[in-house]
Amino acid sequence: MGSEEETKKKNEVFDAEAASLFVKELRGTFASGKTKSYGWRVSQLKSLMKMLNEREPDIVDALRQDLDKPELESSIYEVALLKTSIKSALKELKHWMTPEKAKTSITTFPSSAEIVPEPFGVVLIISPWNYPFLLSLDPVVGAIAAGNALVLKPSEVAPASSSLLAKLVGEYMDLSSIRVVEGAVAETSALLDQKWDKICYTGNSRVARIVMAAAAKHLTPVLLELGGKSPVVFDSGINLKVACRRMIMGKWGCNNGQACISPDHIITTKDYAPKLLESLKNELENFYGKNPLESKDLSRIVNSNHFARLSKLLDDDKVSGKIVHGGERDKNKLRIAPTLLLDVPRDSLIMSEEIFGPLLPILTVDKIEDSFDIINSGTKPLAAYLFTNNKKLKQQFVETVSAGGLVINDTAVHLAVHSLPFGGVQESGMGAYHGKFSFDVFSHKKAVLSRGFIGDVPVRYPPYTKGKLRLLKVLISGSLLGIIRALLGWSKA
Amino acid sequence: MAAAMGEIEDKLAELRQTFRSGITKSVAWRKNQLRALIELLQDNEDKIFKALHQDLGKHPVETYRDEIGLIKKSAKYALSCLDKWMAPKKRRLPLLFFPASGEVVSEPFGVVLICSAWNFPINLALEPLIGAIAAGNTVMLKPSELAVECASFLAETIPLYLDCKAIKVTNGGVDVCEQLLQQKWNKIFFTGSPRVGSIVMSAAAKHLTPVTLELGGKCPAILDTLSSPLDIKVTVKRIIGGKFASCNGQVCIGVDYILVEKKFAATLIELLKTTIKKFYGENPKDSKSISRIINEYHFERLRKLLEDPLVADAIVHGGLLDKENLFIEPTILLDPPLDAEIMTEEIFGPILPIITLNNIQESIEFINSRPKPLVIYAFTKDETFKKQIVSGTSSGSLIFNDTLVQQLCDVLPFGGVGQSGIGRYHGHYSFETFSHEKAIMQRSFFLELEPRYPPWNDFKMKFLRLAYDFDYFNLLLLLLGLKR
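Residues numbered from 1 in each chain as written. Chains lettered and ligands numbered in written order. Predicted model: local features only at pLDDT ≥ 70, side-chain atom pairs only at ≥ 80, totals over all residues. Heavy atoms only, no water.

As annotated in an unreviewed UniProt entry, chain B carries the name Aldehyde dehydrogenase family 3 member F1 and is attributed to Citrus sinensis.

In the annotation of an unreviewed UniProt entry, chain A is listed under the name Aldehyde dehydrogenase and assigned to Citrus sinensis. Per UniProt, the comment on chain A under Sequence similarities (unreviewed entry) is "Belongs to the aldehyde dehydrogenase family." UniProt's Catalytic activity (unreviewed entry) comment on chain A is quoted here verbatim: "an aldehyde + NAD(+) + H2O = a carboxylate + NADH + 2 H(+)". (UniProt positions renumbered as here; feature names shortened; annotations may be inferred.)

(A) A look at the interface of chain A and chain B. At the interface, 106 residues of chain A touch 111 residues of chain B. It is Leu219(A), Phe453(A) and Tyr464(A) that lose the most area in chain A upon contact with chain B, and together they represent 11% of the buried surface on that side. In this structure, the connection of chain A to chain B is made through six salt bridges. Between Arg245(A) and Glu450(B) there is a salt bridge; the shortest N-O distance is 2.6 Å. Among the elements that take part in the side of chain A that touches chain B, helix H4 (residues 71–97) of chain A stands out by supplying nine residues, more than any other. Each residue belonging to the side of chain A that touches chain B can be placed in one class, and the counts come to 54 nonpolar, 27 polar and 25 charged. Relative to strand E16 (residues 397–400) of chain B, strand E18 (residues 443–451) of chain A runs parallel, the two sharing four bridges. When the bridges of E16(B) are listed, Ser450(A) appears paired with Phe400(B). (Contact = heavy atoms within 4.5 Å. Buried area = accessible area lost by both parts, 1.4 Å probe. Salt bridge = Lys/Arg side-chain N within 4 Å of Asp/Glu carboxyl O. Helix = DSSP H or I, 4+ residues; strand = E, 2+ residues; numbered from the N terminus. Nonpolar A, V, L, I, M, F, W, Y, C, P; charged D, E, K, R; others polar. Pairing = 2+ DSSP bridges.)

(B) Molecular detail of the UniProt feature "active site" (unreviewed entry) in chain A. Residue and element names in this part refer to chain A. Here, UniProt's "active site" (unreviewed entry) annotation points to Glu-225 and Cys-260. For the annotated residues, spread through 36 residues, the largest C-alpha to C-alpha distance comes to 8.8 Å, consistent with a single compact locus. In this structure, Glu-225 sits in strand E7 (residues 222–225). Look at Glu-225 and you get buried, because its relative accessible area is 3%. Setting aside chain neighbours within four positions, we find Glu-225 in contact with Tyr-201, Thr-202, Gly-203, Phe-422, Gly-423, Gly-424, Ser-428, Gly-431, Ala-432 and Tyr-433. Here Cys-260 shows up in the loop between helix H9 (240–251) and strand E9 (265–269). In contact with Cys-260, other than residues within four places in its own chain, are Asn-130, Leu-226, Gly-227, Ser-230, Glu-354, Phe-356 and Leu-382. (Buried < 20%, exposed > 50% of the residue type's maximum accessible area, 1.4 Å probe, protein only.)

Printed below as a string of structure tokens:
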């Protein structure tokens, strides 16, 4: 009986009508005020924590099915990182929720003012397949902390993770306010047709445009977490071994390059390139052995579509001769070895789209400063990295390179720092989250100004006269002395 | 038409080039431009008075209070705070990353488009401009074509005072607007109606351009039954001040309607009538202290709202319309039907419906069953009721016991939520609205943590678990071999 019902449920089409009923239900919960209470927020965050503590093996399993993700990567980047995020939210929530006092000026005296954070209402979170747990649940932590009801739509490209998320949320979370909708384009479109109070989308900039256009119909604010071609600039005179290891961790150590903050390509000087290449090869071998296709410490490519896409990048005539390391592929196992390409043409396919895989082109320039021009000539990336010991170069990098975030002498680590806003700019996204920024991005900051009934000045009201104009001028300027002078008739204004 | 498009593209190309040159990023440039803006306002007070009088019949006192004075104050405030706003903000990082430093640097978006509205044509053009300049952007300003004189004043005067390579004005109607929206901007700041706001955001989506939308909505004034006659008097003055005395109701933060208990309605209406008389005389049409309706289109729109027979029956004061002078007298309605257009659309004119309730507590539900307004005004001395309103309603902002004064507070964010807008500005929030906050993390090559790297094993797993938990004590034990 139970299984029959389940099949029936699965066969039901999730169309606009179903979506609208869904949202209506959540709206009802939100209107009841349930999700606004501190108690509810804490209880949900704690349930989420419990879920991660109890079901980590299931999560690791799902990720192995979807991506063959190494257990350590799953445990650390998907589970541990989330737990840190929940912990900090639980610790800080009271503080975040406290209205912020604002100083008022003499012009509105007597008055008091504060800024009160309030939840937007019912929010939609659409997450990607590469970090299906982290990138689904990290925004959920922010949405819950801010007191919203929410619908999570995980990516259908990671099916095991998607169905596990739906199952776990059903088991652990308050279903009257937190729901998961599984599905692909049709379901997502049905969801996007609804009116949401905030939409958080993590993915690519093409779909982001569709999401934002859908949001525009209902004047819904959006948080868009996208990607881009994040460059790494290698200056000479650095501890090359350490730099290469850190670089490899950010690229292949993060889901085999299938991460939005992964280094996309390297820019270095012509003179330094051979040394850099040598060192990268050495460290890659230290990490993943002589036959990286067999390494258990690398994720596979998510599916055959992406495998074909990456193969196409490598088979491009302009590029195929430029492979200087790796290049091995196993179509059946969906595996591609860490691959280095030297001096690929800037107009090749691989240099015109986000790579999102284990391929790493190295571009060379005459002077290291030229690399900043290359970065600025493209669209703004989510992250830009620089390895250098040169103070001046660091400063120049910070001043001239625009990106979501910059990291000097490491890669990808800023993701784990909750005191820094995480988000892109222009092509790489809109808005930021993590830590308190997650709370802020899911909250409306309501200005509340309170006045007494005394302190009314007749100049505010008609009929208007020249004298009122004079007094008004000093009043708005907020100068106490000026006000007294004007009241006494000494003002020359 | 093609020529106009070419002109826009040329202007945009120059703005881009100027931004790329980096000049607008310097503190000196930003400060100079803000100073020049103050100078512009000081030198041209009379011209502005005249332009607003022509466009809207605005009295100079109102013009000073709501436009010139406010903008001068904002520009001065921005000048005094700019160094502080621009300073990178240091962030603490977990010990795990030691030695490292973190900071957040504000950088300009690039070339921004500001589309302003006709009701406060100077204020709503220049207030966002201050933010855009303070943040170091180059700007295309598109004033509303409905305030004709102000639009041409801005187009003529801004190039005389501000850096014309970095700040440009384009005038025109809907077609020019459409052409502007086809271009790629790095930020769009729009003030106007939700309908156009939605169009602007759709256009922005094509280029992934962030938007700030300053819209409107039906801002209610909750009026609790006050016991002190003095308080009631002040309340009525402030409500009239927030309705008719600011562009004659053509203001996004103006009072749209009043919610009051039945038993209090009669007293309120009497007092409203006498105060309106005191402010505007026996014959408000002759008063110089009240603005006219912007144009025939809006005059007709308002006339139609009143024409509904059930609405016409609800008129308890005023109702005089003078088409020739585009004047509508301050008009009060008592309990018009809630499904009439006057109660479903933003009024944006000198008509003030009073809706009576059995109990003032019902006002919260009344407001919540409608789109979120830009502002909720509430006049009450009841602290419990205040708390209920703060937590039980949602709006851009919430003002107790006064109207419109929130614009004077640079420290408060100004902006809507839901139907009333996206994003916020004023003071530091203007600077933030036009800045990208870039996260920067710096590490050194010392202190390499070996367990970060593959090949993976159990020890590395344990190590990283503790590390991400920032559990330094157990981490030490693990490293010393004292923990399994």
